[in-house]
Amino acid sequence: MPDDLVPPQKMPGQLLARGVCRHLLSHNFVTVEELTPTPGLRVDVMALGPKGEVWIVECKSSRADFQSDHKWQGYLEWCDRFFWAVDADFPTDLLPDGTGLIIADAYDAEILRMAPEDKLPGARRKVMLQKFARHAALRWHAARDPDLNMTAW
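Rules used throughout
Residues numbered from 1 in each chain as written. Predicted model: local features only at pLDDT ≥ 70, side-chain atom pairs only at ≥ 80, totals over all residues. Heavy atoms only, no water. Helix = DSSP H or I, 4+ residues; strand = E, 2+ residues; numbered from the N terminus. Polar contact = N/O pair within 3.5 Å; in protein donor to acceptor, adjacent residues only side chain to side chain. Contact = heavy atoms within 4.5 Å. Buried < 20%, exposed > 50% of the residue type's maximum accessible area, 1.4 Å probe, protein only. Core = buried A, V, L, I, M, F, W, Y, C linked by side-chain atoms within 4.5 Å.

Student: Explain the side chain of threonine 99 to me, using residue names and the numbers behind them.
Tutor: The residue threonine 99 is located in the loop between strand S4 (81-86) and strand S5 (100-104) in this model. One polar contact links threonine 99 to tryptophan 84, side chain to side chain, over a distance of 3.3 Å. Ignoring sequence-local partners within four residues, the contact set of threonine 99 consists of Trp72, Phe82, Trp84, Arg113, Ala115 and Pro116.

Student: Residue-level account of the environment of threonine 99, with values.
Tutor: Overall, threonine 99 belongs to the buried group, its relative accessible area being 3%. Taking the C-alpha atoms as reference points, threonine 99 and proline 116, separated by 17 residues in sequence, lie 6.7 Å from one another.

Student: Please provide a residue-by-residue account of the nonpolar core, values included.
Tutor: The biggest cluster of nonpolar side chains holds 23 residues, and the ones touching the most others in it are Met46, Val54, Ile56, Tyr75, Phe82, Leu95 and Met128. Only strand S1 (30-38), strand S2 (41-48), strand S3 (54-59), S4, S5 and helix H3 (122-144) provide two or more residues apiece to this core. Sorting elements by how many residues they give to this core places S2 first, with 4 residues. Those residues in contact with methionine 46 that sit more than four places away from it in its chain are Val30, Thr31, Val32, Leu35, Val54, Trp55, Met128 and Phe132. Val20, Phe83, Ile102 and Ala104 belong to the second largest nonpolar core, which has 17 residues in total.

Quick look at the structure:
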């Protein structure tokens, strides 16, 4: 198989995100990965619920990955609920209280601790819904037309 046809290997955090997205779909949430709510922040998974709920899930593949994340509190103002997704071997006692916990692998996940709800203001919710829609549409367009240069968008 030519090198350009071999799919790139997914990083450990991307594998966790895949399992999280599959699980959230079973709860009727749709998801996008690597969404930027504001310059300087990029969330691993944003989930949109059937009633317009906005959840953010940060996937951490190791202790070092978690300890190097100094931006996570900036995500709180962009969602109704905030979760960490980690694998079964992760030392969960490191994770801050008052956040949700999802145990995941590349194929599925389970919500072990529901995140507390802090509802978004209406204007912020509208911004996030628009960002979600544009992000999803651009990803779909890129998948349907891989030769299109999407860097300008």
